[in-house]
Amino acid sequence: MRPIRLILSAFGPFAQREEIDFTRLPPDALFLIHGPTGAGKTSILDGICYALYGETSGSERSAKEMRSHHAADDALTEVEFEFGLGRRRYRVKRSPEQERAALRGKKDQRVRIPARAELQVWDGDGWKPLVSKATEVTQRLVALLGFEADQFRQVILLPQGQFRKLLAADSKEREQILETLFATETCKRLQERLKAAANALERQAEEAKARKKTLLEQAGVESEEALRARIEEATAQRSSLAEEERRRRAEEKDATAALAAAEALARQFEERDRARAALDGLSAAAAAIATRRRELDVASRAQLVLAAHANFEDAAAQRQRLAQQLAQAEGEVEATARQRESAESRLQEERARAPERERAIRELERLEGLREAVRTFDEARREAEKLSRSAEAAEAELARLQGESKTLTEQRARLQQAIEADTPLAGRVEALRRDLAQQERLIRSLQQLDQAKAALAAHRDEETKCRQALEAAQTGRDAARVRKEDLEARWRSGQAAVLALHLSEGAPCPVCGSLEHPAPATAGEAVPSEEELNAAAKALQQAESALESVRAKHQAVLGRIAGAESVVSTLEAGLPPDPPSLEQAKARLVDLERDLARALEATKRLDAAKAEFQACEQRLAALGPALEQTRSRTETFKIQAAAAAAQVRERSDRIPEPLRDVRTLEQAIDAVRKQADTLAARLKAAEEAHQQASTAHAAAGSKRQERAEALDAASVRLAQSHAVFLKALQEQGFADEAAFREAMRSPEEIAVLRTEIQSYDESVAAAKERLQRAENQVAGKTPPNLAALKAAQEEVRRAVEQLVAQQQSLEERIGQDRRTCEVLAAIGQELGEIESRYEVMGHLAGIANGDNGKKLTFQRFVLAALLDDVLRQASLRLRTMSRGRYSLQRREDVADARRASGLDLEVFDEYTGRSRPASTLSGGESFMAALSLALGLSDVVQAYAGGIQLDTLFIDEGFGSLDPESLDMAMKALSELRQKGRMVGIISHVDELKRQIDVGIEVIPGRSGSQVQVGAVG
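The shown structure was predicted, so the numbers you read here are calculated from the model rather than taken from an experiment.

> Describe the overall build of the chain, listing the residues and the values that go with them.
On a plain count of helices and strands, the chain comes out with 22 helices and 17 strands. Here the chain holds 1018 residues, and the buried ones make up 39% of them. Counting only contacts in the chain whose residues sit at least 6 apart along the sequence, the fraction spanning at least 24 positions is 78%.

If you want it as structure tokens, here you go:
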């Protein structure tokens, strides 16, 4: 940052506007700010610091206290600072909150002026505004300069009494300064990420241990060894039950075979009864089939008459169409005759209107002769009207300007009152914004707490649902297992019945080869298919997967509940001791927003009123000449309008009054021309219509003659086709046409009759054969007792199912325990991997975050290396100033294990060969050490790529504590900076400096305030 221009108005000791043009100093100047005590030398640094940050250089005086006591009541305290940053120029204007005398009203009335700030940038053509609010200006400047206000005072602007702050700062304060200067926030983010990764591994390990404990609790055992012992015991019990199942299944097989043989015999008796009933049903339909046979015969004969009948009907339809066409032609002859007579009458009427057509032509010629006279009259009339309107407009403009002058005078008085009324309320904007931001933060905390509590309640509700879902999943898994076992049992017991279905008398058995089958096996229930067995197995597998998924989800929900409870506790701890309710906080926020809205509205009104007040004054000043000019134009237009009206009256006497308007005349001409055209067109149309009517009447007569001849030929054909149809009826045995029509059937209906009769005959033959076959199968046999056989088979089956269920229960428990063992083994492996990773990550995170012998974080380690560079540069200057006695170094050991370290400074004394704290230096020695540190820091920051540009340094006092030789050494160190293109400003009373520094800024005190001069020091 390089200063260009500083303007102080009513600021500190400067009552008037004082401008300091730094461009009048050499670009690499070592300049002196000098003047008597109390003249205002430090106020120059206060002005720079206030313009940039809204604070003074010592941060001991507020901006309000910097208003000059010498300033007039109507003068505004304001600071304007223009500076360069790289290749760009910026200008910041800032004024504190202050009071001044009211422009109007009581003599002792005061008006409060709110604080203001504005930041601009030079774009080559002019100053372009960037931001215009105090807080936004400060934030933008911090981003541009790279400093907060405190860091600016420690590194660039070294104020009186605080010069040694950077030297005496502790590790934490120095870390903040160096972090900003060297942009090492990336190192800090790295150590934070390492710590977050280590914490995440710790949480994963705790979650894995919690899952292991939960699994053992759910299994009802204390250890994995107890769980494996329970699996071995259940396996032995399952083997015993399997042996009992095999014995009972043999009994079930015998009972099932006996039942199957009895059911097969019963079905044979049922088949005989069904065959007999089917034959009886067909016999009952014999009469109806006989009727359908007769209907088919008559319909077949009717098919032979169809051709003659169709020919007869076609001839009758054709004769009827021709008779209708002849009647239509006779009607057309009569109509055209009437049209011809009407056209001839109309033609005679139009020929009789010849005189009327002659009168229309003569009137058209007369009106066209008036065109030129009407045109010149119309031009004169329009000119008169135009001049009359101009005169009226000028009079209206004159009246308007007179009214506007009166209105502006009244408006200016009202605006002055509004400005004085809104100024106090507009000054409360910043305070209300701060209160509003604080209230919004409180509301966000209360809302987050409510959301966290709602989330906790939702997680608890979800845990209840998950627990219910877990129970439902266990029930579904049990049902799927029972279903699978039942199907497997039925499949095994039904295999013999499946083989028995394929046995036949005389064919060998596929199992034993016997040709006799005295008792083939039968199935008590339907035998499940392979697809059903596979579906049951898949359903059981899906049920078990669903159970595991629900169990995992339940564990996750429990973890979320713990996290939500922690969030609620943290949020409650961050609230005030007696926080208001959310409704109360929102109500307070509404009040603040309303007050702020009113203040902002007052600010808008104030700005608008000031702008409008200025516009009123400018408009009133411009109205005088406009009023005089408008009066002159009004008189001129009145004279011209009177002359034009006289010319209109003279030209109107030569034209009939109804035709003085051009449009009226043209309308009259168009009307007469249209009348003449209409009369001629009507005569022509009447002649054409008479010709067309005569032609149409002749054509209609010719058409009637042709249709009469066609009708006679159609009558002859009809008589011939009727005789052929009557002969065909007699040959096929039909008494008349009605009998023929009754017997007719469509080809589809005939096909249906034939199919129905044929199907009946085939069904009767098949029913007789079926009955004979069924009677042969049951000949000599007795119906079996199925109820007793089914009861015996059911008793044995229930015993088998009970054994299967017991085995299945054991199998399920064994499977569950084995899966639990597998999950426990996986968790153990996961824990081992997490511990292995944490061994590395935790160690790195601890070291990076200061868990080491030197309490040094990674970022502080990097800053320590940078600080070493700074100290090397500083020590070069300090050794020169102290004649080789002192040098600065970083303290390596840990002074206090309870606080951060690594950036503490100490001084090495060559005289004693020992290091000691910097606080033990005398006043002059401290000044030399602090100055060396500031200059060394400037060198190193400038050297690093991307570093902050430290082009300027201001030093306020401290040189008076140096002896002549040390002063000379210090001046040589500062003079070296000129060779590097930097500007150094020194505030001092030391006369020796005036002899060594040839340019500077002199502050001259006076009774009415101080003044500033830039130039040679003399």
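Back to the write-up after that little detour.
> Which residues make up the sheet that holds strand S12 (residues 905–909), and what are the values?
Pairing within the open sheet is antiparallel, and its three strands lie in the order S11-S12-S13. Looking at strand neighbours, the two that pair on one side only are strand S11 (886–890) and strand S13 (914–917), the edges of this open sheet. Put simply, the sheet's adjacent strands are angled 40 degrees from each other on average, direction ignored. Where S11 lies against S12, five bridges are found, and the strand directions are antiparallel.

> Quick one: what's the story with the pairing of strand S3 (residues 30–34), residue by residue and with numbers?
Most of S3 is tucked away: five of the five residues are buried. Burial along S3 is two-sided: the residues Leu30, Leu32 and His34 and Phe31 and Ile33 are all buried. As paired strands, S3 and strand S15 (residues 983–987) are joined by four bridges and run parallel to one another. Counterpart to isoleucine 33 in the pairing with S15 is isoleucine 987. Summarising the sheet, S3 and strand S16 (residues 999–1004) pair through three bridges and their orientation is parallel. Opposite leucine 32, over in S16, you have glycine 1000 as the bridge partner.

> Lay out helix H1 (residues 41–53) with the relevant residues and their values.
The end-to-end C-alpha distance of H1 is 19 Å, a good match for the 18 Å that 13 residues give at a rise of 1.5 Å each. With 12 of 13 residues buried, H1 is to be regarded as a mostly interior element. Taken residue by residue, H1 has Lys41, Ser43, Ile44, Leu45, Asp46, Gly47, Ile48, Cys49, Tyr50, Ala51, Leu52 and Tyr53 as its buried positions. Where H1 ends, the next residue or the one after it, glycine 54, has phi of about 75 degrees, a positive value.

> Let's hear about the side chain of aspartate 21: which residues, and what values?
Tracing the backbone shows aspartate 21 in strand S2 (residues 14–21). Among the polar contacts made by the side chain of aspartate 21, one reaches the side chain of threonine 23 at a distance of 2.4 Å.

> Go over the packing of aromatic side chains with me, naming the residues and quoting the values.
Going through the model one piece at a time under the given rule, you end up with five aromatic pairs. Seen in terms of ring centroids, phenylalanine 81 and phenylalanine 83 are 5.6 Å apart; in terms of plane orientation they differ by 25 degrees. Their pairing is stacked. For the residue pair phenylalanine 81 and phenylalanine 83, the accessibility class agrees, reading buried in each case. Taken together, the ring pairs connect Phe81, Phe83 and Tyr90 into an aromatic cluster. Sitting above the plane of the tryptophan 122 ring, arginine 89 keeps its charged end 5.0 Å from the centroid. Sitting over the ring of tyrosine 50, arginine 94 keeps its end group 6.0 Å from the ring centre.

> Would you mind going over the nonpolar core in detail, with residue names and values included?
Within the largest apolar cluster, 47 residues are counted, with the highest numbers of intra-cluster contacts made by Phe31, Leu52 and Phe83. When residues of this core are assigned to their parent elements, the largest contribution, eight residues, is made by H1. Apart from the residues lying within four places of it in its own chain, the contact partners of leucine 52 are Met1, Phe81, Phe83, Val92, Arg94, Thr138, Leu141, Leu145 and Phe152. With 43 residues, the next largest nonpolar core counts Ala864, Leu867, Ala929 and Met971 among its residues.

> Give me the lowdown on unusual backbone geometry, citing residues and values where you can.
Positioned with a positive phi, alanine 10 is a non-glycine residue whose angle comes to about 55 degrees. Classification of alanine 10 as buried rests on a relative accessible area of 2%. Its identity is not glycine, yet arginine 883 carries a phi of approximately 55 degrees, on the positive side.

> I'd like a description of the packing of helix H9 (residues 306–351) against helix H15 (residues 662–731), backed by residues and values.
One can describe the packing of H9 onto H15 by two numbers: an axis separation of 6 Å at closest approach and a directional angle of 165 degrees. Classified by the angle their axes make, H9 and H15 are roughly antiparallel. The way H9 lies across H15 gives a crossing that is left-handed. Taken together, the residues of the contact of H9 with H15 sort by class into 28 nonpolar, 14 polar and 15 charged.

> Please give an account of the environment of phenylalanine 725 that cites residues and values.
Within the secondary structure layout, phenylalanine 725 lies in helix H15. Residue classification places phenylalanine 725 among the buried positions, given a relative accessible area of 1%. In this structure the C-alpha to C-alpha distance between phenylalanine 725 and leucine 306, which are 419 residues apart in sequence, comes to 9.0 Å. In contact with phenylalanine 725, other than residues within four places in its own chain, are Val305, Ala308, His309, Phe312, Glu737 and Phe740.

> Help me get a handle on the pattern of salt bridges, residues and values and all.
All chains considered together, the criterion is met by 45 salt bridges. The salt bridge involving glutamate 80 is made with arginine 91; its shortest N-O contact spans 3.7 Å. Of this pair, glutamate 80 sits in strand S4 (residues 78–85) while arginine 91 sits in strand S5 (residues 88–95), and the two are 11 residues apart along the sequence. Both residues of the pair, glutamate 80 and arginine 91, belong to the buried class. Here arginine 467 ties to glutamate 463 by a salt bridge, and the two come within 2.7 Å at their closest N and O atoms. One end of the pair is arginine 467 and the other is glutamate 463, both in helix H12 (residues 429–500) and four residues apart, which spans about a single turn. Of the residues examined, arginine 467 reaches a relative accessible area of 36% and is grouped as partly exposed. Residues participating in the shared-partner salt-bridge network are Arg5, Arg17, Glu19, Asp21, Glu82 and Arg89.

Thresholds, definitions, all that
- Residues numbered from 1 in each chain as written.
- Predicted model: local features only at pLDDT ≥ 70, side-chain atom pairs only at ≥ 80, totals over all residues.
- Heavy atoms only, no water.
- Helix = DSSP H or I, 4+ residues; strand = E, 2+ residues; numbered from the N terminus.
- Buried < 20%, exposed > 50% of the residue type's maximum accessible area, 1.4 Å probe, protein only.
- Contact = heavy atoms within 4.5 Å.
- Pairing = 2+ DSSP bridges.
- Axes fitted to C-alpha atoms, helices over the stretch in contact; angles between N-to-C directions.
- Expected span 1.5 Å × (residues − 1).
- Polar contact = N/O pair within 3.5 Å; in protein donor to acceptor, adjacent residues only side chain to side chain.
- Phe/Tyr/Trp six-rings, centres within 6.5 Å; stacked < 30°, edge-to-face > 60°.
- Lys NZ or Arg CZ within 6 Å of the ring centre and 35° of its normal.
- Core = buried A, V, L, I, M, F, W, Y, C linked by side-chain atoms within 4.5 Å.
- Parallel < 35°, antiparallel > 145°, perpendicular 65-115°, else oblique.
- Left-handed = near helix turned anticlockwise from the far one by under 90°.
- Nonpolar A, V, L, I, M, F, W, Y, C, P; charged D, E, K, R; others polar.
- Salt bridge = Lys/Arg side-chain N within 4 Å of Asp/Glu carboxyl O.

So far we have only geometry, and geometry alone does not tell us how the molecule works.
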